[in-house]
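# Secondary and tertiary structure notes
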Amino acid sequence: MSDKKSKPKKPSFFTRMANRGREFKSLGQLLAKEPRAFPGALLQVIRRSVRTIWDARGGGYYACGFVLTFIWLEITMFVEDIAEATGIADFFGEQLLEMLFRYLGESFVNTIKAFMWPVYIIQISPPWGVAVFVLMAVIFNKILKEPVEKWLFHEDDQPKV
């Protein structure tokens, strides 16, 4: 028999999506009722989301690269969607109708691309790309990891025990 501690059961996909829906609904209500409190609440949601991805990817250099690549790809996709729209009403109409299909599909593709972020760095200039990749790892571990973890695991956002 092994003495491994059992992990708590992960909530189902539908439970997680329902929780995110409630979270976005409360953010929308906060924006309407108390606009000044919205940026702080949004920052907490972003921090929690990044922390979840950070933990799932091992919490180091690879996780940081994954998060940054994913954010870059999502922002790029969003900006391209805005640029392609013929007007504000067209943009929101398209986003609402296409979000479930195209946006989620593209986000899935962006996730796959983000997994491969080291390849993109190495491909910039193959002999130098490897050197840049290794140098970035050293810089991250020596200089950036501690401040990033300090921001992600800020005590104000942690559950009180």
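Scroll up a little and you will see the structure.
Residues numbered from 1 in each chain as written. Predicted model: local features only at pLDDT ≥ 70, side-chain atom pairs only at ≥ 80, totals over all residues. Heavy atoms only, no water.

## A closer look at the packing of aromatic side chains
Under the defined criterion, the tally for this structure stands at 7 aromatic pairs. Aromatic pair tyrosine 61 and phenylalanine 140: ring centres 6.0 Å apart, planes at 40 degrees, arrangement tilted. With tyrosine 61 in helix 3 (residues 61–84) and phenylalanine 140 in helix 6 (residues 126–152), the pair connects residues that are 79 residues apart, well separated along the chain. Three or more aromatic residues link up through ring pairs in this structure, and these residues are Tyr61, Tyr62, Trp117, Phe133 and Phe140. (Phe/Tyr/Trp six-rings, centres within 6.5 Å; stacked < 30°, edge-to-face > 60°. Helix = DSSP H or I, 4+ residues; strand = E, 2+ residues; numbered from the N terminus.)

## Re the pattern of salt bridges
If you walk through the whole model with that rule in mind, you get 1 salt bridge. A salt bridge links glutamate 23 to arginine 48; its shortest N-O distance comes to 2.7 Å. A residue pair is termed long-range when its members are at least 10 positions apart, and glutamate 23 in helix 1 (residues 13–33) and arginine 48 in helix 2 (residues 38–56) qualify at 25 residues. Exposure remark for arginine 48: the relative accessible area of 32% places this residue in the partly exposed category. (Salt bridge = Lys/Arg side-chain N within 4 Å of Asp/Glu carboxyl O. Buried < 20%, exposed > 50% of the residue type's maximum accessible area, 1.4 Å probe, protein only.)

## Quick notes on the packing of helix 1 against helix 2
Contact pair helix 1 / helix 2: the axes reach a minimum separation of 9 Å and the direction vectors enclose 165 degrees. When the interaxial angle is binned, helix 1 and helix 2 end up roughly antiparallel. Crossing angle aside, the handedness with which helix 1 passes helix 2 is left-handed. On helix 2, the residues touching Glu23, Leu27, Leu30 and Leu31 of helix 1 are Phe38, Ala41, Leu42, Val45 and Arg48. Looking at the contact of helix 1 with helix 2 residue by residue, the classes come out as 7 nonpolar, no polar and 2 charged. (Axes fitted to C-alpha atoms, helices over the stretch in contact; angles between N-to-C directions. Parallel < 35°, antiparallel > 145°, perpendicular 65-115°, else oblique. Left-handed = near helix turned anticlockwise from the far one by under 90°. Contact = heavy atoms within 4.5 Å. Nonpolar A, V, L, I, M, F, W, Y, C, P; charged D, E, K, R; others polar.)

## With respect to a nonpolar patch on the surface
There is a patch of nonpolar side chains on the surface, built from Tyr62, Phe108, Val109, Ile112, Phe115, Met116, Val119 and Tyr120 and spanning about 700 Å² of accessible area. Elements supplying a minimum of two residues to the nonpolar patch: helix 4 (88–115) and helix 5 (117–124). The dominant element in the nonpolar patch, judged by the number of residues it contributes, is helix 4, at 4 residues. (Patch = residues over 30% accessible without salt bridge, like charges linked within 9 Å, V, L, I, M, F, W, Y side chains within 5 Å. Areas by Shrake-Rupley, 256 points an atom, 1.4 Å probe, with all protein chains shown as cover.)

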